[in-house]
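Chain by chain, the residues run as shown.
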Amino acid sequence: MPASNVTVVSHPLVQHKLTLMRDVGTPSNKFRALLREISLLLTYEICRDLETELVEITTPLETFMAPRLEGKKLCFISILRAGNGLVDGMLDLVPSARVGHVGLYRDPRTLKPVEYYLKLPDRIEERLCICVDPMLATGNSAVAAVQRIKEAGAKRIKFVCLLAAPVGIETFSAAHPDVPILTAAIDRELNDHAYIVPGLGDAGDRIYGTK
Ligand code: URA
């Protein structure tokens, strides 16, 4: 049973595309295209509660008050490197969004995430920040990335992934109960190498064709 701050997007199109992505026979070019399509659909869902304001416009027929998005431009934040694959599709849907990047690696000695790159847009405290990583596995990188984004001033943050493991959701929600999670699926568990199973493998490798 997902925690109350987790939304699973069960839309048949999302599930169909995810099934194709999971298949080991799906090549990188197809995987990237599917990721782009699915991220557009996830973005549609995560933006469902954006505030709008009424502005006066004139159509060819008359003047009237029409809704448009309120507030500062959205901010998408990619957790490198696999997050970049999700951001491409998000920008297709919201081309004016700002994009930030957070790079973390796992210290082999302490096993803790260490930041090696951080670049965020200005006035982040006024923007809705949507932080993305295809895989919420242990949750450790996502926890550290969101912590860093909060330290930079972000007040409203959401987290989008493609697949989540139950333990990742638990760890993330315990650290950031104020940050809702949106995912296409919650898989069974992590294996001994911290891969999500059944999963889809290493998201970065599948996007970029590396091993
Ligand atoms: N990162 C991935 O790319 N895949 C997993 O299964 C877990 C973490």
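Preceding this paragraph is the structure being described.
The rules behind these values
- Residues numbered from 1 in each chain as written.
- Predicted model: local features only at pLDDT ≥ 70, side-chain atom pairs only at ≥ 80, totals over all residues.
- Heavy atoms only, no water.
- Core = buried A, V, L, I, M, F, W, Y, C linked by side-chain atoms within 4.5 Å.
- Buried < 20%, exposed > 50% of the residue type's maximum accessible area, 1.4 Å probe, protein only.
- Helix = DSSP H or I, 4+ residues; strand = E, 2+ residues; numbered from the N terminus.
- Contact = heavy atoms within 4.5 Å.
- Pairing = 2+ DSSP bridges.

**Student:** Is there a simple way to think about the nonpolar core in this case?
**Tutor:** Soluble globular proteins tend to pack their nonpolar side chains together in the buried interior. Grouped together as the largest cluster of nonpolar side chains are 35 residues, with contacts concentrated most on L18, L42, L74, F76, I130, L162 and L200. At the level of elements, α1 (12–22), α2 (28–46), α3 (83–93), β7 (128–132) and α6 (203–208) are the ones that each hand at least two residues to this core. Ranked by residue count, the leading element in this core is α2, at 6 residues. L42 has contacts with V9, V14, V160, C161, L162, L182 and A184, leaving out every residue within four places of it along the chain. I79, A145, I149 and C161 belong to the second-largest nonpolar core, a separate cluster that totals 24 residues.

**Student:** When you look at the sheet that holds strand β12 (residues 185–186) in this model, what are you seeing that I'm missing?
**Tutor:** The strands making up a sheet associate through hydrogen bonds between their backbones, and the pairing can be parallel or antiparallel. Pairing within the open sheet is parallel, and its 3 strands lie in the order β8-β10-β12. Of all strands in the sheet, those with a lone pairing partner are β8 (135–136) and β12, marking the two edges. The pairing of β8 with strand β10 (residues 163–164) spans 2 bridges and is parallel. Looking at the pairing, L136 lines up with A164 of β10.

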